[in-house]
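# Understanding the architecture of this molecule
The lines below spell out each chain.
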Amino acid sequence: MSAAYSSSEMMAIAAARLLRNDDVCFVGIGAPSLACNLARLTHAPDITLIYESGTVGARPDVLPLSIGDPELCETARTTVSVPEMFAYWLQGGRISVGFLGGAQLDRFANINSSVIGPYDKPKVRLPGGGGAPEIAALCRQTYVVMGQTKRSFVERVDFVTSFGFGEGDDHRQRLGINTAGPTLVITDLCVMRPDPTTKELVVSALHPGVTREQVAENTGWPVRFADPLEETPSPTAEELSTLRDLQRRTTEAHAARVAPSPASADPSTALGMTPPAVIPSERSESRDLHPGSAA
Amino acid sequence: MSAAYSSSEMMAIAAARLLRNDDVCFVGIGAPSLACNLARLTHAPDITLIYESGTVGARPDVLPLSIGDPELCETARTTVSVPEMFAYWLQGGRISVGFLGGAQLDRFANINSSVIGPYDKPKVRLPGGGGAPEIAALCRQTYVVMGQTKRSFVERVDFVTSFGFGEGDDHRQRLGINTAGPTLVITDLCVMRPDPTTKELVVSALHPGVTREQVAENTGWPVRFADPLEETPSPTAEELSTLRDLQRRTTEAHAARVAPSPASADPSTALGMTPPAVIPSERSESRDLHPGSAA
Amino acid sequence: MTEFLSLRDAIAAYVSDGSTVALEGFTHLIPFAAGHEIVRQNKRDLTLVRMTPDLIYDQLIGMGCVRKLVFSWGGNPGVGSLHRLRDAVEHAWPRPLELEEHSHAAMAAAYAAGAAGLPCAILRGYAGSDLVEHNANIRSVTCPFTGERLAAVPAIRPDVAIVHAQRADRAGNVLIEGITGVQKEVVLAARKAIVTVEEIVADLRAPSPNSTILPYWTITAVVEAPGGARPSYAHGYYARDNAFYIAWDTISRDRDQFTRWMREHVLESSASVEAVA
Amino acid sequence: MTEFLSLRDAIAAYVSDGSTVALEGFTHLIPFAAGHEIVRQNKRDLTLVRMTPDLIYDQLIGMGCVRKLVFSWGGNPGVGSLHRLRDAVEHAWPRPLELEEHSHAAMAAAYAAGAAGLPCAILRGYAGSDLVEHNANIRSVTCPFTGERLAAVPAIRPDVAIVHAQRADRAGNVLIEGITGVQKEVVLAARKAIVTVEEIVADLRAPSPNSTILPYWTITAVVEAPGGARPSYAHGYYARDNAFYIAWDTISRDRDQFTRWMREHVLESSASVEAVA
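Note that the structure is predicted; figures quoted are calculated from it, not measured.

## As for the overall build of chain C
What chain C contains, in helices and strands, is nine helices and 15 strands. Projected onto the principal axes, the alpha-carbon positions of chain C cover approximately 55 × 50 × 30 Å. Within chain C, the proportion of its 277 residues that are buried is 71%. A separation threshold of at least 6 residues defines the contact pool for chain C, and within that pool the share at least 24 residues apart is 74%. Between the mean site of the 26 positive side-chain charges and the mean site of the 31 negative ones, chain C shows a separation of 2 Å.

Structure follows, in structure tokens:
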């Protein structure tokens, strides 16, 4: 048994465990960066982390706040230009795992990180896709990491920024996309995997202490559960201490020159995570940390 | 008055004089390289020499034998990849003067450096175009430097490797080529310029001591002469000494590790010039040095 | 060829109302000092191009300098929204903002196409994305060998490119190191290029024969602006001010607070003061 | 991931009769030792791809290993003809040679497209050139924005890429410096990549954060082959043997003399001997 932990810690640890020592990851800021570096500091010391800023094989000691923090280039094997990064490394098919997240995700793992409401008259203008549209199509597979709420896990996304399985079945193939797509969705409540044929997301494992009801309440569509339904092993003491050390180093580093800003005390930013890009008032409501888009 | 000099020295010096201190030259091996470096060592110290191997701003102390000799990279401002060289620097429109040469040139300055005879059953397989087809179209203007004989200055080239003025008039524009093309042809006998409207090459200047008859005898079409017809000023003592010092340094450097080869004593190779790519037996006949293609 | 100008003179000479300007720098080497000078000179109706608008464009947008934004990711990295960008899009404050939205891959390819003198770039891009329906500049070509449909976007050719770099030599050759982003591409793609640098030196001290160097004849004006990338950073000179990026979330959230901050820290500060700030 | 093999084992394992192989290196870092090992192992019916065939392909062609050549400039740089290449094309000796001829610009773009996972490359190329009529792999696309017709060539995707580099570390990461040519592109474009290096070291000693480094997971096999580029050169290690390039003109002019030279200097020499020669 291990100490108490938050559901966001469980999410990061569950994601980290799924990464392999020989993976080449296209890492987004926030939860993906946390998960990838946690994997590197635990069971996958040789994992290759690529950030879209051009840094290949970065080994940051603290989590970057931005996709191009000095730490990334200073610890990278090499840094290439951004056009080369997207052409030779992403489009060239060199990435085994790409990470995605966003404000909305639907049952076929299509992701919206562009707008809430109509595109031309948005209720909320989100940051946008950044690298995500091509990460979704060109990495051999993608893992989605995001906090799960009824507001974020929706029946239909307002806008498809990054294509998952579209309307399901062989929709990817019909568009000429020859990669596996979102093979895993890791949330703070559970792990989902696409149904082999319909491609609808199905809950494959619940995190410790999480009930089917909780998952259903936080999902905008009638979510299905695998049978048998697995339980995610609890975080180990090593996983938790490594994660917390990394977060502490990060918080200290980013607050180094403290600015008069409540945000600087906000753990979601201290963790280098992109808060849900929704209107501020909703932030406080959100149960938990939310990962950012891969951008 | 200056010392005796060869017609090939006159050719190199005449070409060098036409280069300006602010030119950015795409330099081919052979006569172009000789002319460009002579210009750099005399009146154009800041001229930028770019070799297709990726070296930008090379300042070689001896002439390179190949387009990618160590000397070029070691003295260059920077060296870029070959795809970048052709994309960003040549196609990007950064080159003010490109040099061309070849085995055959016609009255509209179309150049053949591919084959003598039919392409599929050539009498002579020449090295080919290399960078020339795009140098001809993408440099703001091109200078052709090649030894003049009836065999090389022909009514019709067997093969258009590099497009000059095609069939004359506005043929370039009709093909959507928006650069000036071959504005100068410098030979060991004279200087030719295209007629402003028809674009046929017209002799604008004779080198000292060269007669109209000599030029006519060494041109495969009824060549026209400008009126008034200029005479190229003789080489100055400084031009000749600078040229010969450069050639001596080059000969010594390339023979550094003498190999059992008559060719190594051949001035055309000692000068780092590409002999006319025609069948060997014709080599000895050739009156003079012949520049290589830009490749 | 290259002029050595003060920041004020460089912006006055080459950035005019209504022109298309790209201040680039992918997180690293963002030319903040130059952006602030554009604000001080109150340029109007600009079309701004930048993959990640970042704080600098949030400021230009909030000050009403911008008519149109061409971008691919408009957030405050690791923090959240760009509130001035959102306010302009959601509430047309201080003026309406036209958007042309791309993906990073497409914009990077479009800059490269601009540098390469091509009219367009092709990529395996936008597969299944709704962005295609909302951007007339996302089209397609068919590969003449495989028949595959590829996305195409027009080359980016800004009127003016502005980037920050580590150093220039006295001839105006510029060295860029670290995260080079699209710095080389935007300079080669633009009609005019302004480069602000940490220092002007006798010797560039390029560590490698393949160092990223822009020859002086590709650059219109070089401006010495030490600290000119703050709160972004300059590899080898100073670190990114992450605390300020976090603080900006609060500063920019409220219109009045934003305006006050800009007055105090940009309008009432001079280029020279800022350069050393 | 990366294997460390002897030259003999690397060629035996990854170069098979009939495969498409690109030994690259633009004048610099030409993998001669690897080419000679291909001759010794008497590989047949190869399709060889290389911008500048150079002496190494002249030797492979003269020894009858090659069925088809994809190239853009087939001369002995600064010296003249490649006599074995000419003999094969003009007199089918020792066997007929099929040619696919491009320009440098097109081949460089085709390698880049291969590395970028695109089916083709587009360029402003071949304007008015007769090459278009003799190469079915030169086609065109129309820019969907300007209507301009652009040349298109298929991406190059060799079965095997072979390049020489300065050094690799013990994990198999490779550093390339100086004239980098299309080394990075051909390695990323190929299904398998063999890299011969001057030395295998603990620390790559990369001089710049932007040094050209190929990560170990992009490379199939690393072979230690000091001097493996001679008579080409390795920036920082040894110079180009221009005298030999000049001498080759005579050596290669005559079939018997060529064959004798190859027997003495390649067939009867071993990879290991040659490596240190």
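Right, picking up where we left off after that structure.
## Details of the sheet that holds strand β9 (residues 139–142) of chain C
Residues and elements named next belong to chain C. Strand order in the open sheet formed by three strands is β8-β10-β9, with antiparallel pairing between adjacent strands. Lying at the two open borders of the sheet, with one neighbouring strand each, are β8 (120–123) and β9. If you compare each strand with its neighbour and ignore which way they point, the axes differ by 40° on average. Across four bridges, β9 lies against strand β10 (residues 149–154) in antiparallel orientation. Residue pairing for β10: Val141 is matched across the bridge by Leu150.

## Thoughts on the relation of the copies chain D and chain C
The two copies are related by a screw motion: chain D maps onto chain C through a turn of 180° and a shift of 0.0 Å along the axis, at an RMSD of 0.0 Å. What we have between these two chains is a two-fold relation. A high fraction, 100%, of the interface residues of chain D reappear at the interface in chain C, so the copies pair face to face through one surface.

## Observations concerning helix α4 (residues 82–90) of chain B
In terms of residue burial, α4 of chain B counts as a mostly covered element, since eight of its nine residues are buried. Between the side-chain oxygen of the N-cap and the backbone nitrogen of Glu84 of chain B there are 3.2 Å, and the N-cap of α4 of chain B in question is Ser81 of chain B.

## What about the interface of chain B and chain D?
Listed as interface residues are 61 residues of chain B and, on the opposing side, 52 residues of chain D. Across the interface of chain B and chain D, roughly 4,500 Å² is buried in total on both sides, 61% from carbon and sulfur atoms. Ranking the residues of chain B by area buried against chain D places Leu65, Arg125 and Pro127 of chain B at the top, with a combined share of 14%. Between Arg125 of chain B and Glu101 of chain D there is a salt bridge, with the nearest N and O atoms lying 2.6 Å from each other. Applying the counting criterion to the chain B and chain D interface returns 18 residue pairs in polar contact (both at pLDDT 80 or more). Taken together, the elements giving at least two residues each to the side of chain B that touches chain D come down to α3 (70–75), α4, β9 (124–125), α5 (132–138) and α10 (280–285) of chain B. Sorting elements by how many residues they give to the side of chain B that touches chain D places α5 of chain B first, with four residues. Its residues assigned to classes, the side of chain B that touches chain D shows 31 nonpolar, 20 polar and ten charged.

## Some details on the environment of Asn135 of chain C
Residue and element names in this part refer to chain C. Considering the arrangement of structural elements, one finds Asn135 in the loop between β8 and β9. By relative accessible area, which is 5% here, Asn135 ends up buried. Along the chain, Asn135 and Glu100 lie 35 residues apart, while their C-alpha atoms are 6.4 Å from each other. In this view, Asn135 contacts Glu100, Glu101 and His102; residues no more than four positions away in its chain are not counted. Of note is the side chain of Asn135, whose polar atom sits 2.8 Å from the backbone oxygen of Glu101. Within the structure, the side chain of Asn135 is placed 2.7 Å from the backbone nitrogen of Asn137, a separation counted as a polar contact.

## Concerning the nonpolar core
Leu105 of chain A together with Leu105 of chain B are the most contacted members of the largest nonpolar core, which totals 279 residues. Those residues in contact with Leu105 of chain B, other than ones at most four positions away along the chain, are Asn110, Ile111, Val144, Met146, Ser152, Phe153, Val154, Val157, Val185, Leu201 and Trp221 of chain B.

## Brief notes about the interface of chain D and chain C
Taken together, the contact between chain D and chain C spans 31 residues of the former and 31 residues of the latter. In this assembly, chain D packs against chain C so that about 2,200 Å² is buried in total across both faces, 69% of it on carbon and sulfur atoms. The interface formed by chain D and chain C contains zero salt bridges. Here chain D is connected to chain C by eight residue pairs in polar contact (both at pLDDT 80 or more). Listed by contribution, the elements that provide at least two residues to the side of chain D that touches chain C are β8 (120–123), β9 (139–142) and β10 (149–154) of chain D.

## A word on the pattern of salt bridges
For side chains bearing opposite charge, pairing can occur when the charged atoms are close. Residues and elements named next belong to chain D. The full count for this structure, using the stated rule, is 52 salt bridges over all chains. When the shortest N-O distance is used, the salt bridge between Glu37 and Arg40 registers 2.9 Å. Placement of both Glu37 and Arg40 in helix α2 (residues 32–40) is noted, with a separation of three residues, approximately one turn of the helix. The same class applies to Glu37 as to Arg40, namely buried. Here Glu90 and Arg86 are joined by a salt bridge, their closest N and O atoms 2.8 Å apart.

## Section: the packing of aromatic side chains
As enumerated under the stated definition, the model contains 18 aromatic pairs over all chains in all. With 5.3 Å between their ring centres and 80° between their planes, Trp248 of chain C and Trp261 of chain C make a pair best called edge-to-face. Of this pair, Trp248 of chain C sits in helix α7 (residues 242–251) while Trp261 of chain C sits in helix α8 (residues 255–267), placing them 13 residues apart in sequence. The two residues Trp248 of chain C and Trp261 of chain C agree in class, both being buried. Members of the aromatic cluster, connected to one another through ring pairs, are Phe244, Trp248, Phe258 and Trp261 of chain C. Across the ring face of Tyr238 of chain C, the terminal group of Arg230 of chain C is positioned such that the distance to the ring centre comes to 4.0 Å. In this structure, Arg84 of chain D packs its charged tip against the face of Phe258 of chain D, placed 5.6 Å from the ring centre.

## Looking at the pairing of strand β13 (residues 201–206) of chain B
Residues and elements named next belong to chain B. Of all the six residues making up β13, six are buried; the element is thus mostly covered by neighbouring parts of the structure. For strand β12 (residues 190–194) and β13, the ladder comprises five bridges, and the chain directions are antiparallel. Of the residues in β13, the one forming a bridge with Pro194 is Leu201. Relative to strand β14 (residues 224–231), β13 runs parallel, the two sharing four bridges. Bridge pairing in β14 links Ala205 to Glu230. With respect to chirality, the unit in which β13 leads through helix α7 (residues 212–217) into the neighbouring parallel β14 is right-handed.

## Topic: unusual backbone geometry
The bulk of non-glycine residues show a negative phi, and the bulk of peptide bonds are trans. With an omega dihedral of 5°, the bond running from Arg230 of chain C to Pro231 of chain C counts as a cis peptide bond. Within the secondary structure, Pro231 of chain C sits in the loop between β15 (221–224) and α7. Here the phi dihedral of Thr27 of chain D falls at roughly 70°; this positive angle occurs in a residue that is not glycine. For Thr27 of chain D, the position within the fold is in the loop between β2 (20–23) and α2. Judged by relative accessible area, Thr27 of chain D falls into the buried class, the value being 3%. One non-glycine residue, Tyr126 of chain D, adopts positive backbone phi at about 60°. Within the secondary structure layout, Tyr126 of chain D lies in the loop between β8 and β9. On the basis of relative accessible area, Tyr126 of chain D is assigned to the buried category, the value being 3%.

Conventions we followed
Residues numbered from 1 in each chain as written. Chains lettered and ligands numbered in written order. Predicted model: local features only at pLDDT ≥ 70, side-chain atom pairs only at ≥ 80, totals over all residues. Heavy atoms only, no water. Helix = DSSP H or I, 4+ residues; strand = E, 2+ residues; numbered from the N terminus. Buried < 20%, exposed > 50% of the residue type's maximum accessible area, 1.4 Å probe, protein only. Contact = heavy atoms within 4.5 Å. Lys, Arg positive; Asp, Glu negative; His and termini not counted. Charge placed at Lys NZ, Arg CZ, Asp CG, Glu CD. Pairing = 2+ DSSP bridges. Axes fitted to C-alpha atoms, helices over the stretch in contact; angles between N-to-C directions. Least-squares fit on C-alpha atoms with pLDDT ≥ 70 in both. Polar contact = N/O pair within 3.5 Å; in protein donor to acceptor, adjacent residues only side chain to side chain. Buried area = accessible area lost by both parts, 1.4 Å probe. Salt bridge = Lys/Arg side-chain N within 4 Å of Asp/Glu carboxyl O. Nonpolar A, V, L, I, M, F, W, Y, C, P; charged D, E, K, R; others polar. Core = buried A, V, L, I, M, F, W, Y, C linked by side-chain atoms within 4.5 Å. Phe/Tyr/Trp six-rings, centres within 6.5 Å; stacked < 30°, edge-to-face > 60°. Lys NZ or Arg CZ within 6 Å of the ring centre and 35° of its normal. Right-handed = clockwise from strand over helix to strand, strands pointing away.

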